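Chain by chain, the residues run as shown.
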Amino acid sequence: MLLIDGKKIASEIKQEIAREVQQIKAQGGKTPHLAAVLVGHDGASETYVAGKVKACEEVGFTSTLVRYEDDISEATVLNTVNELNNNPDIDGFIVQLPLPDHISESKVIEAIDPKKDVDGFHPVNLGRMVLGMPAFISATPAGIIELIRRYEIPTSGKNCVVVGRSNIVGKPISILLSQKTYPGDATVTLCHSRTRNLNEIIKASDIIIAALGKPEFVRADMVREGAVVIDVGITRVKSEVTKSGWKLIGDVKFDEVAPKCSYITPVPGGVGVMTIVSLLKNTLLAAKCEIYP
Ligand code: NDP
């Protein structure tokens, strides 16, 4: 069994990005600039955005944080999006989700210029991804693809099950792994809460992507010998042994499943740590106008 070390890969990619930024600067180019819009004081969102700003600093990007209180109007957020769209110094930006109920997330996402949509949530980027065109791919599926690529895990002709059909994880990764390329060329089954015979489908799969948000759902008896297991799930549960009083649990019962796998991602330290790196990569691509020349 080989552990897919997301931490190690993420750190390597950060170093690669930092080197490229140094080169760009040395050649007199513009420093990549990521902006983030944060509305309210949701604890998880604050942590994510702080992590993104810190990661920008680590690789030498410029970052800008635009903060608003919970009661900000939708019009003001849309206006900010418009300003960021038109600010030539900003290469890419994100609006941290979730937004308060009175602000339409889809309206805000659709207002973002696809060329600056480094989260890859805009319908234009999703559509381009489906068509196999250059596109900003959202962070979690992009992170999974990068892990598969860096570990040179074969995907062609493999049976792959994706459990969970959300727009940000399950659906896009199922499309990416069925594209006619590497990583891809897999025969993908996309499962959800209405799927019949889920255990049999998982058991028949060479690659299992668990993204349903049910802690330790995938057990050893559901996994075939030699399977590749990518655990996307993150659930915070109370713990008496950690200092914080919390620990993170994946969708896979790691201890019993790991011995049966050829590759497996841990939680934490697997897919999760790749997400910020994917955002940095997209920002660099935006700065270099590589997706939309
Ligand atoms: P959602 O809640 O949006 O979607 C969950 C999906 O799982 C749905 O499609 C649902 O089916 C399906 N599902 C739920 N229960 C079952 C079941 N018993 N059997 C089969 N399918 C089921 O989740 P997200 O995609 O947003 O997140 C999934 C997990 O990944 C969460 O733990 C989340 O925290 C984590 N996550 C991790 C990230 C990372 O960076 N590592 C990033 C994003 C999410 P249906 O559609 O029928 O309701």
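Just so we're clear, the structure is a prediction, and the values are computed from it rather than from any experiment. (Residues numbered from 1 in each chain as written. Predicted model: local features only at pLDDT ≥ 70, side-chain atom pairs only at ≥ 80, totals over all residues. Heavy atoms only, no water.)

1. A word on a nonpolar patch on the surface
Together, Val130, Leu131 and Met133 make up an exposed nonpolar region whose accessible area comes to about 290 Å². Looking at the element boundaries, methionine 133 is found in the loop between helix 5 (123-130) and helix 6 (139-150). (Patch = residues over 30% accessible without salt bridge, like charges linked within 9 Å, V, L, I, M, F, W, Y side chains within 5 Å. Areas by Shrake-Rupley, 256 points an atom, 1.4 Å probe, with all protein chains shown as cover. Salt bridge = Lys/Arg side-chain N within 4 Å of Asp/Glu carboxyl O. Helix = DSSP H or I, 4+ residues; strand = E, 2+ residues; numbered from the N terminus.)

2. What to know about a negative patch on the surface
Where like charges cluster on the molecular surface, the negative patch consists of Asp42, Glu69, Asp70 and Asp71. By relative accessible area, aspartate 42 is classed as partly exposed at 39%. (Lys, Arg positive; Asp, Glu negative; His and termini not counted. Charge placed at Lys NZ, Arg CZ, Asp CG, Glu CD. Buried < 20%, exposed > 50% of the residue type's maximum accessible area, 1.4 Å probe, protein only.)

3. Remarks on the pattern of salt bridges
For side chains of opposite charge, pairing can occur when their charged atoms come near one another. This structure, assessed with the given rule, holds 15 salt bridges. The shortest N-O distance in the salt bridge between arginine 67 and glutamate 46 comes to 3.0 Å. Here arginine 67 is found in strand 3 (residues 62-68), whereas its partner glutamate 46 is found in helix 2 (residues 43-59), with 21 residues between them in sequence. A salt bridge links glutamate 146 to arginine 150; the nearest nitrogen and oxygen atoms lie 2.8 Å apart. Taken as a pair, glutamate 146 and arginine 150 lie in helix 6 at a separation of four residues, close to a single helical turn. A network of salt bridges, in which partner residues are shared, links Glu16, Glu146, Arg149, Arg150 and Lys281.

4. Regarding the environment of arginine 236
Inspection of the secondary structure puts arginine 236 in strand 9 (residues 235-238). Considering only alpha carbons, one finds arginine 236 and isoleucine 249, 13 residues apart in sequence, at a separation of 6.3 Å. Residues in contact with arginine 236, not counting those within four places in the same chain, are Trp246, Lys247 and Leu248. (Contact = heavy atoms within 4.5 Å.)

5. Focus: the domain arrangement of the chain
What the domain assignment reports for the chain is domain 1 (28-112) and domain 2 (139-264). Each of domain 1 and domain 2 has a C-alpha centre, and the two are 29 Å apart. (Domains from an automatic or database assignment.)

6. Points about the site of the ligand
If you check the shell around the ligand, you find 21 residues, and the closest are Arg165, Ser166, Ser193, Ile234 and Thr275. With respect to the ligand, the side chain of arginine 165 contributes an N or O atom lying 2.7 Å from an oxygen atom. Note that a nitrogen atom of the ligand is positioned 3.5 Å from one of the backbone N or O atoms of histidine 192. Burial of the ligand by the protein amounts to 70% of the accessible area it has alone, namely 930 Å². Along the lines of polarity and charge, the residues of the shell around the ligand split into ten nonpolar, nine polar and two charged. (Near = heavy atom within 4 Å. Polar contact = N/O pair within 3.5 Å; in protein donor to acceptor, adjacent residues only side chain to side chain. Nonpolar A, V, L, I, M, F, W, Y, C, P; charged D, E, K, R; others polar.)

7. Topic: helix 6
Helix length check: helix 6, at twelve residues, gives a terminal C-alpha distance of 16 Å against a target of 16 Å (1.5 Å per residue), a fit within 8%. Most of helix 6 is tucked away, with ten of its twelve residues classed as buried. Those residues of helix 6 not exposed but buried are Ala139, Thr140, Pro141, Ala142, Gly143, Ile144, Ile145, Glu146, Leu147 and Ile148. Residues of helix 6 that are buried in the fold lie against helix 1 (6-26), helix 7 (170-178), strand 7 (207-210), strand 8 (227-231) and helix 10 (274-287). Glutamate 152, located one to two residues past helix 6, shows a positive phi value of around 50 degrees. (Expected span 1.5 Å × (residues − 1).)

8. Concerning the packing of aromatic side chains
Tallied over the entire structure, the rule returns two aromatic pairs. Note on phenylalanine 136 and tyrosine 292: the rings are 6.1 Å apart at their centroids and 45 degrees apart in plane angle, and the pair reads as tilted. Taken together, the positions of phenylalanine 136 in the loop between helix 5 and helix 6 and tyrosine 292 in the segment after helix 10 put the pair 156 residues apart, joining distant regions of the chain. With respect to burial, phenylalanine 136 and tyrosine 292 carry one shared label: buried. For the pair tyrosine 151 and tyrosine 263, a centre-to-centre distance of 6.4 Å together with 75 degrees between the ring planes defines the contact as edge-to-face. Of the two residues, tyrosine 151 sits in the loop between helix 6 and strand 5 (159-163) while tyrosine 263 sits in strand 11 (residues 261-264), which places them 112 residues apart along the sequence. (Phe/Tyr/Trp six-rings, centres within 6.5 Å; stacked < 30°, edge-to-face > 60°.)

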